[in-house]
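Given next are the chains, with one letter for each unit.
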Amino acid sequence: MCEIYHRQELQVNHHAPLYAQSKASLTAHRHAARLCDWRRYTVLSVRFESICKDFGPVRVLHEVGFAIQKGQIHALIGENGAGKSTLMKILGGYLQPSAGQVLVDGQAVHFRSSREAEAAGIVLIHQEFNLAEDLSIAQNVFLGRELRRGLLLDESAMNRQTTRALEQVGLWLDPRRKVSSLIVAEKQLVEIAKALSRQAKLLIMDEPTATLTPGEIETLFKLIARMKGEGVTILYISHKLEEVKALSDTVTVLRDGRHIQTAPTAALTQQEMANLMVGRELSDMFPLKMAFSSPKVVFAAQGVSVPGWATEVSFELHQGEILGFAGLVGAGRTELFEGILGLRPRSSGRFELNRKTIELHSPAQALRQGIVYLSEDRKGKGLHVNMELRPNLTLMALQLYAHPLLDTAAEGRAFDKEAQHFNIRGGQPESKASALSGGNQQKLALAKILHPDPKIVILDEPTRGVDVGAKREIYFLIQQLAQEGRSVIVISSELLELIGLCHRLVVMRGGHVTGILGQEQMSEAEIIAYATGIKGSYATA
Amino acid sequence: MLQPEKPVADKPRPRFSFSGWGPLLGLILLCILATLLNPSFLSLDNIFNVLTRTAFIGIIAVGMTFVIISGGIDLSVGSMAALIAGSMILVMNALEPRLGAGTLTVLVGMLLALALGALFGVLHGLTITKGRIEPFIVTLGTLGIFRAVLTYLSQGGAITLEQNLSDHYSPVYYGAFLGVPIPIWVFLAVALLGGLVLNRTRFGRYVQAIGSNEGVARYAAIQVDNIKILTYVAVGICVAVATILYVPRLGSATPSTGLLWELETIAAVIIGGTSLKGGSGRITGTVIGAILLSTIGNVLNLTSIISVYLNAAVQGIVIIIVAFLQRGRR
């Protein structure tokens with residue numbers, strides 16, 4: 001009840017003259033607000049009717065129609081390119097439908113901008129947050145509707161209200177803190193607080209857990225459940241079917257821009273959802289595991305420390321092995337490998353390649369030894385999305401095409417070959433990488449780091465933001481790499497992926513290796529036990 | 001996920017791209033206009049005159065194109081040209097008694113210029129990459145330093161090349177090969193080489209990759225620092241080449257030598273369609289941009305509609321118009 005109370009207070013305080021009220025009258029007003037039927041103001045239903053959307057000659061939504069019931073958590077699932085985001089952008093006012101209409105509470109609406117949608121109580125929380133990093137939390141929450149006292153901004157009132165809005169989402173932070181100083185999970189909660197303080201009645205959340213740790217996810221789910229209790233309708237977009245299953249009341253599946261099914265979540269199993277998303281059986285998601293034949297250790301790291309992230313980490317990698325690295329977000333896995341590659345400062349560490357000591361101080365040095373790394377951050381570190389496909393592919397192996405002048409025709413031929421081999425669809429060699437879907441971008445990024453023919457391949461979250469079909473292709477590709485005698489390290493937050501793919505698993509917690517699991521020990525419960533510190537003292541692989 | 005699920009266009013849409021043809025179109029229009037106003041504009045003498053004057057800015061702009069594509073900037077080129085010119089003249093004058101007023105002395109002077117240009121480039125590059133200071137700040141600093149040192153060396157006046165040396169050196173600017181002035185040949189050679197290096201070598205590809213996204217380039221095992229340093233060396237050498245052509249023109253260096261060259265150079269690069277944010281750009285565009293800028297001055301000289309004193313104003317308007325036409329291109 002306490003949360004409702006805060007909500008009302010926020011609502012009251014938005015009306016400029018009210019914050020000058022005496023404390024007594026404000027309390028009275030709160031009571032009045034609480035007594036009136038607040039649900040009438042907060043609940044909202046939506047119906048899509050034959051929504052079509054064309055981008056140029058291409059139709060991306062085909063007569064999509066379904067309803068979102070009042071006060072429910074409605075999940076929207078589908079592969080990348082299924083049209084989820086487009087549909088949500090239409091609802092959020094960012095795009096206009098080419099045909100069909102959106103009904104809100106039975107009334108046809110035509111939002112010409114996100115501002116109009118917001119006015120109707122519909123707020124889209126982007127996966128990449130819309131926060132001004134250099135402004136404070138309060139300045140962000142009140143961006144575009146600042147409270148004023150005369151000509152000047154009323155900072156103290158905004159800070160006060162922001163504090164309450166933050167408490168509502170379970171954040172106890174100084175509203176004057178800069179957004180850039182927050183961690184991802186806090187930014188997300190700030191986004192939600194911002195939406196709630198704008199009287200959101202329908203909240204659209206796009207992959208909200210993509211970058212959160214299990215603990216943070218739990219907090220978020222509690223918050224979502226509470227918002228539902230307060231009558232907020234929630235539209236939840238996710239790739240993670242177990243989340244959808246646990247959280248939502250109703251689920252809608254889109255595929256190739258078409259509405260496939262809307263059903264009560266309880267009526268569908270995760271497997272059925274997955275099958276509906278891809279339109280075929282997915283029992284063969286992972287390739288059959290093949291034992292790696294050679295016991296030969298090709299790479300060994302000893303006592304690697306990356307200040308602030310990893311302490312005295314040691315492991316060995318065999319030829320043809322797929323070695324997984326599991327752990328919570330912040331366990332230091334990415335930073336460990338960035339340290340190994342020389343991408344961030346390292347305080348200690350010795351490396352052996354085929355039993356010979358080697359130096360690793362830069363990615364270029366690693367590449368010369370046949371070691372490549374693909375970052376988890378595709379747009380920031382993995383792929384030049386503003387460059388064409390061909391130069392992206394050959395970037396790490398340009399010496400093959402420089403005689404000394406670059407043979408662009410040979411590069412083009414190489415691209416055609418690799419596009420076929422990696423099944424990169426949807427682009428000409430000279431089109432920009434940004435034009436590809438997430439899955440195809442990832443396949444291009446993989447093709448790029450494999451182009452110099454490396455012997456040791458380190459993949460950080462290789463299937464992040466990738467649809468189910470492309471995921472499967474990437475799993476089979478990893479298997480194939482191992483079969484060719486290369487050694488693969490997979491860092492992943494998806495336990496099923498690690499279990500389905502890896503020969504051995506290194507579990508990290510707080511920068512330390514806490515366990516090394518062999519084939520028979522690999523289970524979700526076991527991994528989580530090591531990752532959270534229930535099991536495992538610091539060990540070496 | 002949230003990027004719009006954009007359909008990948010089946011065939012590239014035929015759309016007029018201003019960045020490709022706009023500057024050239026503008027140049028042609030300007031030339032037609034100039035010819036209508038004063039037919040002598042099209043005379044071979046005048047065209048050679050314009051191109052020769054373009055050579056200094058144009059050559060530096062070729063180097064600057066690399067720096068800007070990689071995401072950097074060099075504000076010091078004008079001051080650097082002045083300091084190199086002054087140092088070159090001082091050393092040649094000092095060597096004249098020993099080596100004579102002949103080719104040898106001039107050659108030593110030229111080599112010194114090239115070495116200085118490369119050295120300044122290395123210093124810029126190291127300060128920017130290893131010292132992790134913004135290129136704008138570093139080169140703003142050296143802009144002041146270079147010119148101040150030159151002013152000190154010249155004691156506020158002029159450093160003048162000995163007459164004998166000057167006579168021997170002057171063909172480098174005033175001479176011609178196959179009827180075409182030497183500076184134009186050099187300009188052409190530098191531009192062709194620049195285009196080749198940018199589009200057909202690993203270095204050029206890496207420069208574009210770094211400008212497009214430095215993080216991705218670093219993770220793709222590109223030695224980002226080295227490539228960046230090399231772009232500043234390239235522009236330094238281009239400044240040296242331009243100075244080598246410039247010194248015989250007046251035979252002296254003064255505190256106002258190369259004044260505002262940095263702005264004209266950057267303007268030429270931007271007019272040519274290179275993004276100030278880096279990532280992509282073209283040498284041909286830069287060359288056309290440089291020619292366009294000097295043609296404006298020439299046209300104002302030849303005609304009397306707009307005072308030649310307003311040269312910079314007209315250039316400024318052209319820069320803004322070009323920027324206007326290119327906006328929204330990304």
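Going along each chain's sequence as written, the residues are numbered from 1 onward. For this description, chains carry letters from A and ligands carry numbers from 1, given in the order in which they are written. Reporting in this predicted model follows two pLDDT cut-offs: at least 70 for local features of residues, and 80 or more for side-chain atom pairs to be given and counted; totals over whole chains, interfaces and linings ignore these cut-offs and use all residues.

### A word on the sheet that holds strand β16 (residues 348–353) of chain A
Residues and elements named next belong to chain A. Taken in spatial order, the four strands line up as β14-β13-β16-β17 in an open sheet, and their pairing is antiparallel. The open sheet has two free edges, formed respectively by β14 (310–318) and β17 (356–358), since each of these has just one partner strand. Mean inter-strand twist for the sheet, computed between neighbouring axes without regard to direction, equals 20°. Of the strand pairs in this sheet, β16 and β17 are connected by three bridges, and their pairing is antiparallel. Bridging across to β17, E352 finds its partner in T357. For the purpose of contact definition, each residue receives a C-beta atom placed from its backbone, and two residues are in contact when these atoms lie within 7 Å. In this analysis an axis means a line fitted to C-alpha atoms, helices contributing only their contacting stretch, and an angle means the value between N-to-C directions, from 0 to 180 degrees. Secondary structure elements follow DSSP: runs of H or I of four or more residues count as helices, runs of E of two or more count as strands, with numbering from the N terminus. Across the sheet, helix α12 (residues 333–340) lies against β13 (297–306), β14 and β16, angled at about 105° from β13, the strand it touches most. Strands are labelled as partners when DSSP assigns at least two bridges between them.

### A look at the interface of chain A and chain B
Between chain A and chain B, the residue contacts involve 45 residues of the former and 23 residues of the latter. Counting residues per element, the ones that place at least two in the side of chain A that touches chain B are β2 (58–68), α4 (84–91), α13 (363–368) and α14 (378–382) of chain A. The dominant element in the side of chain A that touches chain B, judged by the number of residues it contributes, is α13(A), at four residues. Across the side of chain A that touches chain B, the residue classes break down as 21 nonpolar, 20 polar and four charged. Residue type decides the class: Asp, Glu, Lys and Arg count as charged, Ala, Val, Leu, Ile, Met, Phe, Trp, Tyr, Cys and Pro as nonpolar, and the leftover types, Gly among them, as polar.

### Topic: the nonpolar core
Ranked by internal contacts, the top residues of the largest apolar core, which has 167 residues, are B:I60 and B:C238. When residues of this core are assigned to their parent elements, the largest contribution, 17 residues, is made by helix α11 (residues 224–250) of chain B. Per-domain counts for this core show at least three residues from each of domain 2 (296–370 + 454–541) and domain 3 (379–452) of chain A. Every residue in contact with B:I60, bar those within four places of it in the chain, is listed here: B:V77, B:V235, B:C238, B:V239, B:A242, B:W261 and B:T265. Take the buried Ala, Val, Leu, Ile, Met, Phe, Trp, Tyr and Cys residues, join any whose C-beta atoms are within 7 Å, and the set you get is a nonpolar core. To sort residues by burial, count the other C-beta atoms lying within 10 Å of each one's C-beta; a count of 20 or more means buried, 12 or fewer means exposed, and anything in between means partly exposed. C-beta atoms are built from the backbone. Boundary definitions for the domains trace back to an automatic or database domain assignment.

### Side note on the confidence of the model for chain B
Parts of the model with low pLDDT should not have their predicted coordinates read in detail. Residue and element names in this part refer to chain B. Each residue carries a pLDDT score, the predictor's confidence in it, ranging from 0 to 100. Averaged over chain B, the pLDDT score is 89; the fraction of residues at 70 or greater is 92%. Contacts for the low-pLDDT stretch residues 1–16, under 50 throughout, to residues beyond four places or in other chains number 32 contacts. Quick note on the complex model: pTM equals 0.76, ipTM equals 0.83.

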